[in-house]
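Remarks on the overall topology
Chain residues, written in single-letter form:
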Amino acid sequence: DAGITQSPRYKITETGRQVTLMCHQTWSHSYMFWYRQDLGHGLRLIYYSAAADITDKGEVPDGYVVSRSKTENFPLTLESATRSQTSVYFCASGQGYSNQPQHFGDGTRLSIL
Amino acid sequence: SQQGEEDPQALSIQEGENATMNCSYKTSINNLQWYRQNSGRGLVHLILIRSNEREKHSGRLRVTLDTSKKSSSLLITASRAADTASYFCATDGGNNRLAFGKGNQVVVIP
């Protein structure tokens, strides 16, 4: 079945560690997005990508790195994790037009101790 | 940038009742979308309404859009326990992005 999968679903790590969250979609959507969801803030866009090798910053990009070497994968890396990055992270994909829906994965719950 | 903003309500209703939630935004839009998020899951697209539409229906969902007031409402009729979720509106965020509101939590009591 077509879909979007995120891994891991849960992750606990320590401050200063590097951690990578994975996202894979099977729709061949050109656009992919990373959001973080925190109480009181709703969903905030971290980074997005319009195509392979094309990425751009969103609302809260500091402390995060992304890459997109293949259309179907869009990993998000926290190079040196901080407690403020404890959050639920969602990956989404879409055709990239505002009149089209985005399709979301089920998220990664990340805790940084 | 534009941002959908729901009235920060947590609704608790009995099964069979109607649930209404609102969303306001700041600048002109081309369309507005509503999403549902069940606990522990990702967002699921429900319905899209274009700026030239005033009302749209999809099953038990009814969405209205008032561009003069820069607001939208989502009505769920004859609610069911399975409608318990958070509901988000999203507007054009520019550059083919969406700007999401903070969400409205709805609890339907069986």
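These lines cover the structure that appears in this document, whether it is placed above or below. What you are looking at is a predicted structure, and each value in this text was computed from that prediction instead of being measured. (Residues numbered from 1 in each chain as written. Chains lettered and ligands numbered in written order. Predicted model: local features only at pLDDT ≥ 70, side-chain atom pairs only at ≥ 80, totals over all residues. Heavy atoms only, no water.)

Helix and strand counts for chain A come out as zero helices and eleven strands. The order of α-helices and β-strands along chain A, N terminus first, is β-β-β-β-β-β-β-β-β-β-β. Computed over the C-alpha atoms, the radius of gyration of chain A is 13 Å, within 12% of the 13 Å expected from 2.2 N^0.38 for a compact globule of 113 residues. When the backbone C-alpha atoms are referred to their principal axes, chain A occupies close to 35 × 30 × 25 Å. Looking at chain A as a whole, 48% of its 113 residues are labelled buried. A sequence separation of at least 24 residues applies to 55% of the contacts in chain A between residues at least 6 apart. When the accessible surface of chain A is totalled, it reaches about 5,500 Å², and 46% of it is carbon and sulfur. (Helix = DSSP H or I, 4+ residues; strand = E, 2+ residues; numbered from the N terminus. Rg over C-alpha atoms; globule rule 2.2 N^0.38 Å. Buried < 20%, exposed > 50% of the residue type's maximum accessible area, 1.4 Å probe, protein only. Contact = heavy atoms within 4.5 Å. Areas by Shrake-Rupley, 256 points an atom, 1.4 Å probe, with all protein chains shown as cover.)

With that settled, consider the pattern of salt bridges. Residues and elements named next belong to chain A. All chains considered together, the criterion is met by six salt bridges over all chains. The partner of Glu-14 in a salt bridge is Arg-17, with the nearest N and O atoms 3.6 Å apart. What makes Glu-14 partly exposed here is its relative accessible area of 44%. Residue Arg-17 is classed as partly exposed on the basis of its relative accessible area of 49%. A salt bridge links Arg-44 to Asp-38, with the nearest nitrogen and oxygen atoms 3.0 Å apart. On the basis of relative accessible area, Arg-44 is assigned to the buried category, the value being 17%. Linked through salt bridges whose partners overlap, the residues forming this network are Arg-36, Asp-38 and Arg-44. (Salt bridge = Lys/Arg side-chain N within 4 Å of Asp/Glu carboxyl O.)

On to the interface of chain B and chain A. Facing the 20 residues of chain B at the interface are 24 residues of chain A. Carbon and sulfur atoms make up 49% of the area that chain B and chain A hide from each other, which totals about 1,700 Å². The largest contributions to the chain B side of the interface with chain A come from Asn96(B), Arg97(B) and Phe100(B), which together make up 31% of the buried area. Among the salt bridges present, the one from Arg41(B) reaches Asp106(A), with a minimum N-O distance of 3.0 Å. Scanning the region where chain B abuts chain A turns up six residue pairs in polar contact (both at pLDDT 80 or more). Of all the secondary-structure elements, those providing two or more residues to the side of chain B that touches chain A are β4 (31-37), β5 (43-50), β9 (85-94) and β10 (97-100) of chain B. Each residue belonging to the side of chain B that touches chain A can be placed in one class, and the counts come to six nonpolar, nine polar and five charged. (Buried area = accessible area lost by both parts, 1.4 Å probe. Polar contact = N/O pair within 3.5 Å; in protein donor to acceptor, adjacent residues only side chain to side chain. Nonpolar A, V, L, I, M, F, W, Y, C, P; charged D, E, K, R; others polar.)

A separate point is the side chain of Gln37(A). When you line up the elements, Gln37(A) lands in strand β4 (residues 31-38). Within the local environment of Gln37(A), its side chain forms a polar contact with the side chain of Gln37(B), the two groups lying 2.9 Å apart. Other than its neighbours up to four places away in sequence, Gln37(A) contacts Gly42(A), Leu43(A), Ser87(A), Val88(A), Phe90(A), Gln37(B) and Phe88(B).

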